[in-house]
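Close look at the chain arrangement
Below are the chains, spelled out letter by letter.
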2 protein chains.
Amino acid sequence: MKYQHSTIIGDFVLDEKNILSKAKKKEELNKLPKNKLPIVLEQLKKKEYFSEFYLANLKITKQKIKESVSEDQLIVQAISNVNELDRTINMLIKRLREWYALYCPEFEHKFIYQEKFVDLVLEKNRQELMKEVGVEETMGADLDKLHVQEMKQLALRVRELIFLRKEHEDYLEKVMKKYSPNILELAGITIGAKLLELGKSLKHLAFLPASTIQLLGAEKALFRHIKSGSRSPKYGVIFQHPFIQKAKKNERGKVARVLADKLSLCARLDYFKGEFKAAEYKKEIEEKFQ
Amino acid sequence: MKYQHSTIIGDFVLDEKNILSKAKKKEELNKLPKNKLPIVLEQLKKKEYFSEFYLANLKITKQKIKESVSEDQLIVQAISNVNELDRTINMLIKRLREWYALYCPEFEHKFIYQEKFVDLVLEKNRQELMKEVGVEETMGADLDKLHVQEMKQLALRVRELIFLRKEHEDYLEKVMKKYSPNILELAGITIGAKLLELGKSLKHLAFLPASTIQLLGAEKALFRHIKSGSRSPKYGVIFQHPFIQKAKKNERGKVARVLADKLSLCARLDYFKGEFKAAEYKKEIEEKFQ
């Protein structure tokens, strides 16, 4: 008991120190109380205070910039990178397919799954690949090792980019688990991060109506609808969500509406540091549409 | 003397063997002589020969496809990759700059040279970078190691892509040294390969007039000139050539014309397996304009 008591006191002391030092810091950077303004303005007429005033101002601004970086921005940066990497990886694999087709054309379109294609190019030689495809003799040119080696180099780097993309996703998961656990649980990594990106920040996202969240990422179709009266879009980035993918075609709009509804609740829970309710919501939607 | 003699005979025997085997192969795949056509057509009326005829036809076609791959295509593939990698590397470094600016904003625009920027991010910590830039206190947020680590991962992959680009250039140099040594010597690796890409093949390039070679890669400006009468372009991809870069502004058009002239001669020398004269040409141009 005594031990526990002393630690509590210890904690308190520590806390008090913290509070004191924080208060001191705050004091340094606080705005001026209104009643003191005339006094300060009087002082400022003297030129010798100008440089000091300027420096203090600079310090406040710098501190504010430093404090303005939040998880929002880190998540937005990471998901932008993931998008960029997706584009890059697809482009480079397309180039690899075309290049490798000179050596082994039967193989070019056999493996639609991009990752599998890269792995096969790296791990098997042409003879083995032919067996994989089921062709005995290839139409490809018999190239020197020099050329084939260069293709494999490209494949190797592409594989590393694919690996980097996965790392970025793991990173996003870690950050979002702390920052927006509800959104992460209900929307998944990629869609969750994209929502944060499109909503600019968690705060902004939390104040958006559910119907806007439903259409985030479908702005082009939405404005086309408003302008020319074409059919209105039913979903934005949440279209990729397994719930909508699994749903029947005529039910997709309904699922999207319910999902966006719950996602908007999740954003609010996360922003106001509420409980973890996303798992419940998930179950609810699943039961409703199956 | 005797030894040399015997090797010559040896070479001859080897050659003869080669020629024989080649002749045999050719025989298998040769076209039908015209006078035998009626006999074959007669035979083809019988349905039992159909499948055999079909297979032989297929074999010839496959062989032709196999033989159709030339250095041209390999060079075009490699230079397309280099172009794609350039775009990708620039894009990813732009993203890295933006991301890293959250942590260390003073550093974002200091090193314009992309490669140097990536190296510094990888090799130095923030304190060292601040010294490099000459700023004492940073405005960047104090991020956890988790976040900084992720940025470094991106930098690492970008560095590997830069490395791959260099490898591709080395590869291009090797291939072009054998296939088009004159173009390589006078135009350099990248411009030479781009000329081959834009000219579709060495054969086609060799038959293009020098004035076309001068404007390869400036098609857009050329057609704008024809259509709307704006000023005609003076150079295409050869604009990047050090000769033109070094020249005075009012002499650039003249240098481009002379360079394109010599490049066209180089393409012809390379295609018809002529001598190596590019070094001479290079000297000529250098003397003329300095």
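Quick note: structure is the one above.
Residues numbered from 1 in each chain as written. Chains lettered and ligands numbered in written order. Predicted model: local features only at pLDDT ≥ 70, side-chain atom pairs only at ≥ 80, totals over all residues. Heavy atoms only, no water.

1. Some points on the packing of helix H4 (residues 71-100) of chain A against helix H9 (residues 189-198) of chain A
All names here are of chain A. Where H4 contacts H9, the axes come no closer than 9 Å and their chain directions differ by 120°. Compared by their axis directions, H4 and H9 come out oblique. Our pair here, H4 against H9, has a crossing hand that is left-handed. Residues Asp-72, Ile-75, Val-76, Ile-79, Ser-80 and Asn-83 of H4 form the contact with H9, whose participating residues are Thr-190, Ala-193, Lys-194, Leu-196 and Glu-197. Taken together, the residues of the contact of H4 with H9 sort by class into five nonpolar, three polar and three charged. (Axes fitted to C-alpha atoms, helices over the stretch in contact; angles between N-to-C directions. Helix = DSSP H or I, 4+ residues; strand = E, 2+ residues; numbered from the N terminus. Parallel < 35°, antiparallel > 145°, perpendicular 65-115°, else oblique. Left-handed = near helix turned anticlockwise from the far one by under 90°. Contact = heavy atoms within 4.5 Å. Nonpolar A, V, L, I, M, F, W, Y, C, P; charged D, E, K, R; others polar.)

2. Examining unusual backbone geometry
Residues and elements named next belong to chain A. Unusually for a residue other than glycine, Lys-200 sits at a positive phi of about 75°. Checked against the element boundaries, Lys-200 lands in the loop between H9 and helix H10 (202-206). When its relative accessible area of 59% is taken as the criterion, Lys-200 is described as exposed. The residue Lys-273 is not glycine, and still its phi comes out positive at about 50°. Secondary-structure assignment places Lys-273 in the loop between helix H14 (252-271) and helix H15 (278-288). (Buried < 20%, exposed > 50% of the residue type's maximum accessible area, 1.4 Å probe, protein only.)

3. Description of the environment of Ser-80 of chain B
By the secondary structure assignment, Ser-80 of chain B is in helix H4 (residues 71-100). For Ser-80 of chain B, a relative accessible area of 12% puts it in the buried group. Between the alpha carbons of Ser-80 of chain B and Leu-154 of chain B there is a distance of 24 Å; along the sequence they are 74 residues apart. Here Ser-80 of chain B is in contact with Arg-95 of chain A together with Glu-197 of chain B, once residues within four sequence places are set aside.

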